[in-house]
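# Structure assessment
Residue-level listing of the chains:
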Amino acid sequence: MAMGQGGGGIAALLAAGGGGGAPSHTGPSVPRSRTGRGWGRSRERRGAGGSLERGGCRSNAASRSAREGGGGRVLAGSGLDMYQSQFLELHQRLLYAEKENKKRSRELSIVLDAIKRVVAERLNSTANHTDAMKWKVLNLTSKLPLHLTNIHYYLPHLREHENSLYPNVVIGQGRSGVSLVMGIPTVKRGKQNYLLGTLNSLFYEMSAEQKNDCVVVIFVAEVNAEYVNSIAESVRTSFPNEVQSGVIEVISPLASYYPDLSNLKETFGDSKERVRWRTKQNLDYSFLMLYAQPKGTFYLQLEDDIVAKPQYIQKIKNFALEQPSDEWMILEFSQLGFIGKLFRTKDLPLIVEFFLMFYKDKPIDWLLDHLLWVKVCSPEKDPDKDFGKNMLHKAHVNPPAKVTTSLRIFQHYTLEKAYEGMDCFWAFSPVAGDYILFTFLQPLKVEGYLFRSGNMEHPGDKLFNTTVEVWPAAETDLLKDAVGHGDKVNYQTTKDGYLKIGTFDNGIAEGIISPSVGKIQAIRLSIHSDSPVWALLSEGSMLCGKKSTLLNYVTSCIRKGSSMWSFLIPVHNYC
């Protein structure tokens, strides 16, 4: 996709919270902003050494290559002309929408200036009003025009509910003109809510200057007034200073904003409830982004279950300033789903319009991938018609084995085909306790291994919290001696007798197996927590025999950063 690995960038800025929620359910010479604090600008997607603990960074070059590679596969064959025509038509529509949005943006600026004048006059003339009257004034003036050129075309029911585009502002001082707007969607959870912990981490050690130049918008994506007010009250109680200063806002949608979601088409093997959930999520993101659009220069998409690292704002800003080009569309601070994506607010109307075009069809992170492909990558056919296919999975000669998995397989992307090098393995979202098992037909001396999850088309679809384990064919004397004397070979043992020899780091697991282990009967990938995304295994290799020429080849692959197996885990979850 459009985000290759950067390696060794800034330390992870935001780590996954305790909820395991995803978010939901597809990083970062930057000119100075109006506020004079200098943030990045451009249109290609760049990665930032992992601003989120689950993140990574991908280069722009890799971005374009990946998307052209994906395009080569999609466009190859007899349907090339048809797909080219469709992509070109879509490209023209986006260009037209962009032109219209610029026009509407100018109109919006005029309207906002007028609103600010009216609000200022109103507040000055009502200085002695009661708190109730002041609250009413703030609520009315906070209904910013959520303009989208073709919003009624995509959501026709809104013709009968014009007010549904205006949020219910439960907490807010109408702050605007800041450098950074942070959006946090949250929904009702079955057991525990992590929102307050997320807010604590965001405001911890944040300077007064940074607080004055940002706004955090909490979007409670529920229509139950009692629940929305309970969330607002907990925020007001926990962060009174931030609420009073206007750095925190709490909004919710009207029930009439949502169309009928009872008759959606089931796709990608998802259940009816899952399709409904991801469709509503697309609408929730769109609403939040449109509300945030006129408030600042940049918009950072977050979730309600993340933990921010110290100085995260400054590090994000520094990374943006380090970009050699001003032609980026997204700076990415996480590879997982939709978390940690930085946008220019001027681009949000175009992005939201694209989301609304296909809000019933695919998850939000997939739509973002497709938008980048259309905006950044060329649809021309690659001279090497097999280029795209080769980039999505890579075949290796592995020893004969029986392969099994507890994961639910998507369509024809089976583990057998992946092991034989015919295709990638693709499965639905793993849960704690899931596994992938390779049982050799005969015990083998395995020298090393490499597994890679995610591919160029879906770089964020990786395995998380997953270990590599082996089952020794027999307990060798060397292994007993090494463990007994605290040697370098100090593998942990699972309850069922497997040895933990490695773990996935940023979607990759690789390593050398100590000779002390002896011959191996099986290798297992064990998943220890629920994943908000699907899993795709694009490459994998098991190195057998001391004189294996494959070892040198794999070492070369590792140094070059090429793939070897991959797991694709698509749908992002923030519930």
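Report follows, based on the coordinates.

Our next topic: the overall build of the chain. Helix and strand counts for the chain come out as 16 helices and 21 strands. Sorting the 575 residues of the chain into buried and exposed places 54% on the buried side. Summed over its atoms, the accessible surface of the chain is roughly 24,900 Å², and 51% of this surface lies on carbon and sulfur atoms.

Before going further, it helps to examine the packing of helix α9 (residues 272-292) against helix α11 (residues 348-357). The angle between the axes and the distance between the axes are what describe a pair of packed helices. Contact pair α9 / α11: the axes reach a minimum separation of 10 Å and the direction vectors enclose 160°. It follows that α9 is roughly antiparallel to α11 by the angle criterion. In the crossing of α9 with α11, the sense of the turn from one axis to the other is left-handed. Residues Leu283, Ser286, Met289 and Leu290 of α9 touch α11, and the partners they reach there are Leu348, Ile351, Val352, Phe355 and Leu356. The residue makeup of the contact of α9 with α11, split by class, is eight nonpolar, one polar and no charged.

The full count for this structure, using the stated rule, is 25 aromatic pairs. Judged by centre distance (4.8 Å) and plane angle (75°), the rings of Tyr285 and Phe338 are edge-to-face. Pair noted here: Tyr285 is in helix α9 and Phe338 is in the loop between β9 (330-332) and β10 (341-344), with a separation of 53 residues, a long-range link. Of the two residues, Tyr285 and Phe338, neither departs from the other in class, the shared state being buried. Feature note: the residues Trp366, Phe410, Tyr413, Trp426, Phe428 and Trp534 constitute an aromatic cluster, connected by ring pairs. Cation over ring: Arg344 sits above Trp328, and NZ or CZ is 4.2 Å from the ring centre.

With that out of the way, let us pick up the pairing of strand β20 (residues 535-544). Within β20, nine of the 10 residues are buried, leaving the element largely enclosed by the surrounding structure. Where strand β12 (residues 425-427) lies against β20, three bridges are found, and the strand directions are antiparallel. Note that in β20 the partner of Ala427 across the bridge is Ala535. Looking at chain direction, strand β14 (residues 446-453) and β20 are connected through seven bridges and run antiparallel.

In contact at an axis separation of 11 Å, helix α5 (residues 195-203) and helix α7 (residues 225-238) are set at 35° when each is read in the N-to-C sense. Between α5 and α7 lies a crossing whose hand is right-handed. Here Leu195, Leu196 and Leu199 of α5 come into contact with α7, specifically with Ile231, Ser234, Val235 and Ser238. Residue composition of the contact of α5 with α7, by class: five nonpolar, two polar and no charged.

Before going further, it helps to examine the side chain of Ser252. With respect to the element layout, Ser252 can be found in strand β6 (residues 248-252). If we skip the residues at most four places from it in the chain, Ser252 touches Pro167, Asn168, Phe219, Val220, Glu222 and Val228.

Right, let's talk about empty space enclosed by the protein for a bit. Any space left empty among the atoms is revealed by the rolling of a water-sized probe across them. Here the second largest cavity is characterised by a volume of approximately 60 Å³. Along its surface, the second largest cavity is lined by Leu202, Tyr204, Glu205, Met206, Gln210, Gln311, Tyr312 and Ile313. Residue composition of the lining of the second largest cavity, by class: five nonpolar, two polar and one charged.

As a further point, take the pattern of salt bridges. Per the counting criterion, the structure on display carries nine salt bridges. The closest approach of N and O atoms between Asp284 and Lys280, which form a salt bridge, is 2.8 Å. Placement of the pair is Asp284 and Lys280 together in helix α9, with a separation of four residues, close to one helical turn. Just as Asp284 is buried, Lys280 falls in that class too. Note that Arg524 and Glu469 form a salt bridge whose closest N and O atoms lie 2.7 Å from each other. One end of the pair, Arg524, is in strand β19 (residues 520-527); the other, Glu469, is in strand β15 (residues 466-472), and 55 residues separate them in sequence. Both residues of the pair, Arg524 and Glu469, belong to the buried class. Here the salt bridges share partners, and the residues they tie into one network are Arg189, Asp304 and Asp305.

What counts as what
- Residues numbered from 1 in each chain as written.
- Predicted model: local features only at pLDDT ≥ 70, side-chain atom pairs only at ≥ 80, totals over all residues.
- Heavy atoms only, no water.
- Helix = DSSP H or I, 4+ residues; strand = E, 2+ residues; numbered from the N terminus.
- Buried < 20%, exposed > 50% of the residue type's maximum accessible area, 1.4 Å probe, protein only.
- Areas by Shrake-Rupley, 256 points an atom, 1.4 Å probe, with all protein chains shown as cover.
- Axes fitted to C-alpha atoms, helices over the stretch in contact; angles between N-to-C directions.
- Parallel < 35°, antiparallel > 145°, perpendicular 65-115°, else oblique.
- Left-handed = near helix turned anticlockwise from the far one by under 90°.
- Contact = heavy atoms within 4.5 Å.
- Nonpolar A, V, L, I, M, F, W, Y, C, P; charged D, E, K, R; others polar.
- Phe/Tyr/Trp six-rings, centres within 6.5 Å; stacked < 30°, edge-to-face > 60°.
- Lys NZ or Arg CZ within 6 Å of the ring centre and 35° of its normal.
- Pairing = 2+ DSSP bridges.
- 1 Å grid on protein atoms, 1.4 Å probe; cavity = no way out; pocket = protein on both sides within 12 Å on 5 of 7 lines; lining within 4 Å.
- Points joined across faces, edges and corners; volume = space filled by probe spheres on them.
- Salt bridge = Lys/Arg side-chain N within 4 Å of Asp/Glu carboxyl O.

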